[in-house]
Amino acid sequence: TECISGCVCPEGLFDDGRGGCVEQKDCPCTHNNQWYSSGQKITVDCNTCTCQKGVWSCTEHVCYGTCMIYGSGHYITFDGKFYDFDGNCEYVAIQDFCGDKKSSGSFSIITENVPCGTTGVTCSKAIKMFLGKTELKLENKEYKEIQRDVGDDVLYWNRTVGLYLVIEASNGVMLIWDKKTTVFIKLSPDYKGKVCGLCGNFDDKSNNDFTTRSGLQETNALKFGNSWKQSPMCPDVTQEIKPCDMKPHRKSWAEKECSIIQSEVFKICHSKVNPLPFYEACVHDACSCDSGGDCECFCSAVAAYAQECTKVEACVFWRTPDICPIFCDYYN
């Protein structure tokens, strides 16, 4: 073919993606649209990856899984499925009493949802954690312990980290609570594929997370959520609540406030964590919290996105004296 004008690297050298030419041993790697030089390291979950000749070489530790429940019924399962479920009842968030292995379970975590606002949406206001024969109830910014007669002894310890209360148990279960409406549940890799509940089954596949209590695969979040209620006396949830349609006068305020998630402030994170579901969840919550605590609902929703950004090493400084301030001196 005839010559085509343009830039190419001399023989034996390679384009480094930045307008230069390098030897093969110095080839860069890409991750989340960013370039990394040979020898640079990044952290992905609990593993460290090193760029070697243009290819990532990663350690292969099996990592703790995290499930997040926040605001008015937003769930992110251990396998990363994002869905909404607004039910007014107690629900199994996660347990290892699954299928026919009824007798061998060691823990369960129950979330109690109550209405927050007048539109009918619900928030997790109390959490019960069953560890062997110990029951812990977290409510009203504090927790109390109840000893039951049945079950094994499971050791646990608690500590306060900044805004959060952390409860860690010897069986590989950790619960992190912001004393309001956000709960993180962390499980050791030993539980992979052995748990069930609203947080899914932790088998690294998100397409089977909607497994009902009876073991059926469901596609509908409402039917899946209803199957995990603790009491048959609670009514089933039959339709998704859209608070912004019910309170249209709050919609523009909610959209304006929540736009921070899609703004320049979080730009560094947008390519790493999709902001859209978090923005929609924020608008939903800001519309629904109409009986006081508007700011608390909004702040929790933005903090949820900021938390996911931190996990992928995109640190964002979004709090200001005007937007969701935290009085660090007090908490320190």
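Bear in mind that the values here come from a model prediction, so they are computed numbers and not experimental data. (Residues numbered from 1 in each chain as written. Predicted model: local features only at pLDDT ≥ 70, side-chain atom pairs only at ≥ 80, totals over all residues. Heavy atoms only, no water.)

Engineer: Tell me what's going on with the sheet that holds strand β7 (residues 55-58), and back it up with residues and numbers.
Structural biologist: Strand order in the open sheet formed by three strands is β5-β6-β7, and the pairing between neighbours is antiparallel. Where the open sheet ends on each side, the last strands, each with one partner, are β5 (41-44) and β7. Here the average twist between neighbouring strands, direction ignored, is 35°. Pairing of β5 with strand β6 (residues 47-52), which is carried by four bridges, proceeds in the antiparallel orientation. Following the sheet pairing, T43 is matched in β6 by T48. (Pairing = 2+ DSSP bridges. Helix = DSSP H or I, 4+ residues; strand = E, 2+ residues; numbered from the N terminus. Axes fitted to C-alpha atoms, helices over the stretch in contact; angles between N-to-C directions.)

Engineer: For the domain arrangement of the chain, give the residues involved together with the corresponding values.
Structural biologist: Assigned domains within the chain: domain 1 (13-58), domain 2 (65-227) and domain 3 (243-312). The C-alpha centroid of domain 3 is placed 34 Å from the C-alpha centroid of domain 1. (Domains from an automatic or database assignment.)

Engineer: Account for the side chain of H74, naming residues and giving values.
Structural biologist: With respect to the helices and strands, the residue H74 is situated in strand β9 (residues 74-76). At a separation of 3.5 Å, a polar atom in the side chain of H74 contacts the main-chain carbonyl oxygen of A281. Discounting residues that sit within four places of it in the chain, H74 has contacts with M68, I69, F82, Y83, D84, A281, H284 and D285. (Polar contact = N/O pair within 3.5 Å; in protein donor to acceptor, adjacent residues only side chain to side chain. Contact = heavy atoms within 4.5 Å.)

Engineer: Please provide a residue-by-residue account of the sheet that holds strand β17 (residues 164-169), values included.
Structural biologist: Strand order in the open sheet formed by seven strands is β10-β9-β8-β19-β18-β17-β16, with antiparallel pairing between adjacent strands. The open sheet has two free edges, formed respectively by β10 (82-84) and β16 (156-161), since each of these has just one partner strand. Each adjacent strand pair in this sheet contributes to an overall mean axis angle of 15°, direction not counted. Inspection of the sheet shows strand β18 (residues 173-177) paired to strand β19 (residues 183-187) by five bridges, in the antiparallel sense. Directly across from L175, in β19, lies its bridge partner I185.

Engineer: Provide a residue-level description of the environment of I323, including the pertinent values.
Structural biologist: Checked against the element boundaries, I323 lands in the loop between α6 (294-311) and α7 (328-331). Since its relative accessible area comes to 30%, I323 is described here as partly exposed. Along the primary structure I323 and F298 are separated by 25 residues, whereas in three dimensions their C-alpha atoms are 9.8 Å apart. Discounting chain neighbours no more than four positions away, the residues touching I323 are I260, F298 and W318. (Buried < 20%, exposed > 50% of the residue type's maximum accessible area, 1.4 Å probe, protein only.)

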